[in-house]
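Residue strings, one per chain:
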Amino acid sequence: VTHTKRTKLKTNTDKSSEATVRVGLYTGAKVYFVHEGYQGLVDGGDHIRLATWESVSMMLQLGGTVIGSARCKDFRSREGRMTAARNLVKLGITNLCVIGGDGSLTGANEFRTEWSGLLADLVKADKITDAEAKQSSHLNIVGMVGSIDNDFCGTDMTIGTDSALHRIIEVVDAITTTAQSHQRTFILEVMGRHCGYLALVTALACGADWVFIPEMPPDEGWEDHLCRRLTNQRARGSRLNVIIVAEGAMSRDGQPITSEQIKKLVTDRLGFDTRTTVLGHVQRGGTPSAFDRILGSRMGVEAVMALLEATPDTPACVVSLSGNQAVRLPLMECVQVTKDVTAAMAEGRFEDAIKLRGKSFENNWNTYKMLAHINPPDVKVKPSNINVAIMNIGAPCAGMNAAVRAAVRMGIIQGHNMLAIHDGFDGLAQGQIEPITWTSVSGWTGKGGSMLGTKRSQPGKMLEEISQNIAKFSIHALVIIGGFEAYVGGLEMVQAREKYEEMCIPIVVIPATVSNNVPGSDFSIGADTALNTITSTCDRIKQSAAGTKRRVFIVETMGGYCGYLATMAGLAAGADAAYIFEEKFAIKDLEVNVQHLLEKMKTTVKRGLILRNEKSNANYTTDFIFNLYSEEGKGIFDCRKNVLGHMQQGGTPTPFDRNFGTKMGAKSVLWLTEKLKECYRHGRIFANTPDSACVLGMRKRALTFQPLADLKEDTDFEHRIPKTQWWLKIRPIMKILAKYDIKLDTSEHTDMEHVIKKRSPLGK
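Naming follows an unreviewed UniProt entry, where the protein chain appears as ATP-dependent 6-phosphofructokinase of Sparus aurata. UniProt annotates the protein chain under Function (unreviewed entry) with the comment "Catalyzes the phosphorylation of D-fructose 6-phosphate to fructose 1,6-bisphosphate by ATP, the first committing step of glycolysis."

And the structure:
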């Protein structure tokens, strides 16, 4: 990178700008902040300022945008864009990183296509010299989508969506308690003028009775259907009805459907006590969630890489996330598909609109439709006489109950009888098994912990009793939801198939643990909630350190031997170091870290945050590290330590975990239903092939089923972790953001893709 290469930013999301600035500086580029969006570009002068390392130091936990964002009339005119071009040329800026919605990004692309024309006019008018024009002959553009609506096609998640969902779910949870007390119907209006993503995911995450989204207006006569559904719910003993409305909801003939209109309908026809809540701008505010901070950081790094690799021939691109992978997409293709959705909606092609929104949106819609059947299918599906049992194994975590609820309801829809096993394998051995019904799991999505009860015991010592109870209760298939113990327990049952024929049933393991250490999956249910708990605690700790100055906090996180929580929380909270088992560290490394903090105390940022995974090293304990830092920092900084402990397993599940749990639960039972058909011979179920016992996991871009036996090779059983872990590749980002001089591994090179091919199975 030549040092004359300069990058500039327009942003309304801080985490990405922090990462872009720091990685930009790390590569040797000059980085400028443009304050107040395109307006700042036109006004120039003090609005375009050099960014420094320290100037982005507390940005992580700030919502909104520190450098301001503004809608700009001047930039829409050619004169305005000419002035903007002149300001950039004078500073030698040729790379533009734009964070905004589709309007801002389309504007950026237009600016780029006109660039050479604008420069020619500036030379003619003697505003810039020929030499200056030559030096800045191309403008490279990379976009990051910052929009809470998640309305930009081609990206699974835009920066800010997850935080908006956090705000909405907080409100839903609060409303649920008052509505339960008073037997009320609540109508909640969320943002989304042209896109129903927030409304849809909210409905999925809280098990709403009805959702109105612009992409899929309700059928004719929906008024009767809605009232029928609400009445049925009350008759089943439910004290609460929730209806979610996107602000852009409309009927088939294009008339708006407002929350007031729905309230009038419910009150007049049913006489229910009904309240409406319009969330409005609350959704845009607050602290960014851990997911958004990590997404922002990863996208910020990807944006700098894309700019540095850009040539005059590469089209302007957006960096985004597909499943769990960073991708680059041509900006104008994304804008085009986004426009196609609007056109499809306007022309009444609603099925197309949902398809164009992408696989993740479509999956959310289909899962919601299936699970929201309020009339459990009494007649629709003939009973299959199949009994499917569900259990939780290992330590409790948030989101387990969402998976159980989805699995139970999906099973009932498929016509199976669902059984709940309490207290893990112990319960299976002792016969603590009972039928579980549609209504018995209502309201479970938002509950933390494990409602079924969970234990760490393994089946190995109880195989005799377990096989007897599988026969006694005629269990034909098993869903095991839990952590590393769930995987090992499933494996023990598969190995026991030779001896016990009863174990020859299809088994599916759903990873659910805060540690995220289950082989076969990039993510596990519960890790996102734990990450948010750690991050918000670290934010408070940093705030305290910022007040006292010259203070270093050492925080111990959970995770067993798996460094996922420490690493990701380190990235999300802006830690100076995160010690983990997977990346060996010795006294030399500790010395480098101490030295780094001593240097840091000379800058304006007089505080430090160090994370340590609980089992990262048997000898370099949290106390040892605390003592070492205290001794070495004498007179320059003082230390405090915090062991976070079991608070990391508790709390209400985050929107991500509710949604992930719901999708995993539903998908696991659909798979079991297919497997049961394959294994049905001579009037009974017999499953003894390796692929009849699988882990359902998220791999890069897809939810996949992998045989338990096949995953053995990739598992370190002694330390209870997978041998290959994707997140180790993003650890260097944390170090660069903490100003260490290291080499960034960019071997997983991201090439430009095309939108139409791109389909991801799992948005959040």
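Now that the structure has been shown, the text picks up again.
The subject of this paragraph is a positive patch on the surface. Taken together, the side chains of R71, K73, R76, R193 and R284 define a basic patch exposed on the protein surface. With respect to the element layout, K73 can be found in the loop between β3 (48-50) and α3 (78-91).

Here the focus is the packing of aromatic side chains. Summed over all chains, the structure comprises 20 aromatic pairs. Both rings, one in Y197 and one in F361, keep their centres 6.5 Å apart while their planes meet at 40 degrees; by these two values the pair is tilted. Placement of Y197 in helix α7 (residues 197-206) and of F361 in helix α13 (residues 359-371) is noted, with a sequence separation of 164 residues between them. One exposure class covers both Y197 and F361, and it is buried. An angle of 20 degrees between the planes, with centres 6.2 Å apart, marks the rings of Y487 and F717 as stacked. Separated by 230 residues along the polypeptide, Y487 in helix α17 (residues 484-495) and F717 in the loop between β26 (715-716) and β27 (721-722) bring together distant segments of the chain.

Where burial is concerned, most of strand β24 (residues 693-699) is hidden: six out of the seven residues are buried. For strand β17 (residues 507-511) and β24, the ladder comprises three bridges, and the chain directions are parallel. Each residue of the ladder has a partner; that of V508, found in β24, is C694. For β24 and strand β25 (residues 702-707), the ladder comprises six bridges, and the chain directions are antiparallel. Counted as the bridge partner of M698 is L703 from β25. Here β24 hands over to β25 after two residues, with K700 in that stretch at a positive phi of 50 degrees.

This chain's UniProt record puts "active site" (unreviewed entry) on D149. Looking at the secondary structure, you find D149 in the loop between β5 (140-145) and α6 (161-182). When its relative accessible area of 16% is taken as the criterion, D149 is described as buried. If sequence neighbours within four positions are ignored, D149 has contacts with M191, G192, C195, Y197 and L198.

For the structure on display, the rule yields 35 salt bridges. Between D352 and R349 there is a salt bridge, with the nearest N and O atoms lying 2.9 Å from each other. Between R731 and E583 there is a salt bridge; the shortest N-O distance is 3.1 Å. Of this pair, R731 sits in helix α23 (residues 731-737) while E583 sits in the loop between β19 (577-579) and α20 (587-600); the two residues are 148 residues apart in sequence, bridging distant segments of the chain. With a relative accessible area of 27%, E583 lands in the partly exposed category. Connected through shared salt-bridge partners, R78, R81, E110, E114 and D121 make up one network.

Let's shift gears to the side chain of T622. Structurally, the position occupied by T622 is in helix α21 (residues 622-632). Owing to a relative accessible area of 5%, T622 belongs among the buried residues under this scheme. At 2.6 Å, the side chain of T622 and the side chain of E556 are in polar contact. Apart from residues lying up to four places away in sequence, T622 is in contact with I554, E556, R612 and K641.

This next bit is on unusual backbone geometry. In this structure, N516 is a non-glycine residue whose phi angle is positive, near 55 degrees. By the element assignment, N516 lies in the loop between β17 and α18 (527-548). A positive phi is found at R720, a non-glycine position, where the angle reads about 55 degrees. In this fold, R720 is placed in the loop between β26 and β27.

Turning to the domain arrangement of the protein chain, a few remarks are in order. Domain annotation of the protein chain identifies domain 1 (13-158 + 288-341), domain 2 (161-281), domain 3 (387-525 + 655-722) and domain 4 (528-649). Of note, the centres of domain 1 and domain 3, computed from C-alpha atoms alone, are 46 Å apart. On the side of domain 3, six residues touch domain 1, which itself brings six residues to the contact. Buried surface at the junction of domain 1 and domain 3, both sides included, amounts to about 510 Å², of which 55% is carbon and sulfur. At the junction of domain 1 with domain 3, the criterion picks out zero salt bridges.

Sheet architecture is open: four strands sit in the order β7-β8-β6-β9, paired in parallel fashion. One side of each edge strand has no neighbouring strand; the edge strands of this open sheet are β7 (210-212) and β9 (274-278). Adjacent strand axes in the sheet meet at a mean angle of 15 degrees when their direction is disregarded. In this structure, strand β6 (residues 184-190) lies alongside strand β8 (residues 240-246), joined through seven bridges in parallel fashion. Opposite F186, over in β8, you have V242 as the bridge partner. In the packing of helix α9 (residues 259-270) onto the sheet, contacts are made with β6, β7, β8 and β9, and the angle to β9 comes to roughly 170 degrees.

Moving on to empty space enclosed by the protein. Using a probe with the size of a water molecule, rolled over the atoms, empty space left in the structure can be pinpointed. As enumerated under the stated definition, the model contains five cavities of 30 Å³ or more in all. In this structure, the largest cavity encloses a volume near 200 Å³. Surrounding the largest cavity, 17 residues form its lining, F291, I294, F523, Y564 and M568 being those nearest its centre. Of all the elements, helix α10 (residues 290-309) adds the most residues to the lining of the largest cavity, at five residues. Looking at side-chain class alone, the lining of the largest cavity contains 12 nonpolar, two polar and three charged residues.

Procedures and definitions
- Residues numbered from 1 in each chain as written.
- Predicted model: local features only at pLDDT ≥ 70, side-chain atom pairs only at ≥ 80, totals over all residues.
- Heavy atoms only, no water.
- UniProt positions renumbered as here; feature names shortened; annotations may be inferred.
- Patch = residues over 30% accessible without salt bridge, like charges linked within 9 Å, V, L, I, M, F, W, Y side chains within 5 Å.
- Areas by Shrake-Rupley, 256 points an atom, 1.4 Å probe, with all protein chains shown as cover.
- Salt bridge = Lys/Arg side-chain N within 4 Å of Asp/Glu carboxyl O.
- Lys, Arg positive; Asp, Glu negative; His and termini not counted.
- Charge placed at Lys NZ, Arg CZ, Asp CG, Glu CD.
- Helix = DSSP H or I, 4+ residues; strand = E, 2+ residues; numbered from the N terminus.
- Phe/Tyr/Trp six-rings, centres within 6.5 Å; stacked < 30°, edge-to-face > 60°.
- Buried < 20%, exposed > 50% of the residue type's maximum accessible area, 1.4 Å probe, protein only.
- Pairing = 2+ DSSP bridges.
- Contact = heavy atoms within 4.5 Å.
- Polar contact = N/O pair within 3.5 Å; in protein donor to acceptor, adjacent residues only side chain to side chain.
- Domains from an automatic or database assignment.
- Buried area = accessible area lost by both parts, 1.4 Å probe.
- Axes fitted to C-alpha atoms, helices over the stretch in contact; angles between N-to-C directions.
- 1 Å grid on protein atoms, 1.4 Å probe; cavity = no way out; pocket = protein on both sides within 12 Å on 5 of 7 lines; lining within 4 Å.
- Points joined across faces, edges and corners; volume = space filled by probe spheres on them.
- Nonpolar A, V, L, I, M, F, W, Y, C, P; charged D, E, K, R; others polar.

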